[in-house]
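The residues making up each chain are set out below.
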Amino acid sequence: NIREEHIDAVTLCTLVTSFAKVGARDEELYGTVAEIAFPMLCDFDARHLSNLAYAYALAGFVPGLRDIRTCDADADKTTSNSASGSPMTLFDVLAMEAIPRLQEFNSQHLTSLIWAYA
C-alpha cells in the first residue's frame with residue numbers, strides 16, 4: 001500500500017517514468033499513482049507537471065479521474081468535461097494546472113509537455 005503522505009512530486013514522476021520505460025502495462029498502478037498525484041498537482045512546479053505528462057504519455061496510459069476538485073477552494077470542477085460530457089483525465093487536469101503558469105516553463109518543460117500531448 002502506497003502511503004501518500006510520504007510521496008512527493010519527484011517520486012511520483014520517477015515512478016511513472018521508470019515503469020513506462022520498462023514497458024509496464026499495469027493500469028491499476030498507473031491509475032493509483034494518478035489518484036495520488038491529483039491532489040498534489042497545484043503544488044507541482046513546471047518541471048514536475050511536464051515530467052508527469054511526459055511519463056504518462058510514454059506509458060501510453062491516460063487515466064481518468066474521479067471526484068475532481070481544483071486546488072482553488074472557490075472553483076468546483078466535476079468529473080465531466082462540460083463540452084463533451086466525457087470524464088476528465090489526468091491530462092485534462094494537467095493542462096488546467098499548466099496553462100495559467102506557462103510563463104514558469106522553460107524550453108525543456110515546454111518540449112516535454114508538447115510531446116506528451118502530441
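The structure presented is a predicted model; accordingly, all values stated were derived computationally and were not measured.

**Thoughts on the overall build of the protein chain**
The helix and strand tally for the protein chain stands at five helices and zero strands. Its helices and strands in sequence order give the protein chain the pattern α-α-α-α-α, from N to C terminus. Partitioning the contacts of the protein chain with sequence separation of at least 6, the portion at a separation of at least 24 is 70%. A total accessible area of about 6,900 Å² is found for the protein chain, and carbon and sulfur atoms account for 52% of it.

**Concerning helix 5 (residues 107-117)**
Looking only at helix 5, the buried set comprises His109, Ser112, Leu113 and Ala116. One side of helix 5 carries all its buried residues, which in axial view fall inside an arc of 95 degrees. For helix 5, the exposed residues lying more than 90 degrees away from the buried face are Ser107 and Ile114. Measuring from the backbone nitrogen of Gln108 back to the side-chain oxygen at the start of helix 5 gives 2.9 Å, which picks out Asn106 as the cap.

**A closer look at the environment of Ile7**
For Ile7, the location among the structural elements is in the segment before helix 1 (9-21). By relative accessible area, which is 18% here, Ile7 ends up buried. With 33 residues separating them along the chain, Ile7 and Met40 place their C-alpha atoms 9.8 Å apart.

**Details of the environment of Glu104**
With respect to the element layout, Glu104 can be found in the loop between helix 4 (90-98) and helix 5. In contact with Glu104, not counting residues within four places along its chain, are Ala46 and His109.

**Section: the nonpolar core**
Leu12, Tyr30, Leu41, Phe44, Leu52, Tyr56 and Leu90 are the most contacted members of the largest nonpolar core, which has 35 residues in total. Listed by contribution, the elements that provide at least two residues to this core are helix 1, helix 2 (27-37), helix 3 (46-59), helix 4 and helix 5. Sort the elements by how many residues they give to this core and helix 3 lands first, with seven residues. Not counting chain neighbours up to four residues away, the residues in contact with Phe44 comprise Ala9, Leu12, Cys13, Leu49, Leu52 and Arg101.

**Things to note about the packing of helix 3 against helix 4**
In contact at an axis separation of 10 Å, helix 3 and helix 4 are set at 160 degrees when each is read in the N-to-C sense. The pairing of helix 3 with helix 4 is recorded here as roughly antiparallel in orientation. Our pair here, helix 3 against helix 4, has a crossing hand that is left-handed. Here Leu49, Leu52, Ala53, Tyr56 and Ala57 of helix 3 lie close against helix 4, whose contacting residues are Leu90, Phe91, Leu94, Glu97 and Ala98. Among the residues forming the contact of helix 3 with helix 4, the class breakdown is nine nonpolar, no polar and one charged.

**Focus on a nonpolar patch on the surface**
Taken together, the side chains of Ile99, Leu102, Leu110 and Ile114 make up a nonpolar region of the molecular surface, amounting to roughly 370 Å² of accessible area. Relative to the helices and strands, Leu102 resides in the loop between helix 4 and helix 5.

The rules behind these values
Residues numbered from 1 in each chain as written. Predicted model: local features only at pLDDT ≥ 70, side-chain atom pairs only at ≥ 80, totals over all residues. Heavy atoms only, no water. Helix = DSSP H or I, 4+ residues; strand = E, 2+ residues; numbered from the N terminus. Contact = heavy atoms within 4.5 Å. Areas by Shrake-Rupley, 256 points an atom, 1.4 Å probe, with all protein chains shown as cover. Buried < 20%, exposed > 50% of the residue type's maximum accessible area, 1.4 Å probe, protein only. Arc of directions from axis to C-beta. Polar contact = N/O pair within 3.5 Å; in protein donor to acceptor, adjacent residues only side chain to side chain. Core = buried A, V, L, I, M, F, W, Y, C linked by side-chain atoms within 4.5 Å. Axes fitted to C-alpha atoms, helices over the stretch in contact; angles between N-to-C directions. Parallel < 35°, antiparallel > 145°, perpendicular 65-115°, else oblique. Left-handed = near helix turned anticlockwise from the far one by under 90°. Nonpolar A, V, L, I, M, F, W, Y, C, P; charged D, E, K, R; others polar. Patch = residues over 30% accessible without salt bridge, like charges linked within 9 Å, V, L, I, M, F, W, Y side chains within 5 Å. Salt bridge = Lys/Arg side-chain N within 4 Å of Asp/Glu carboxyl O.

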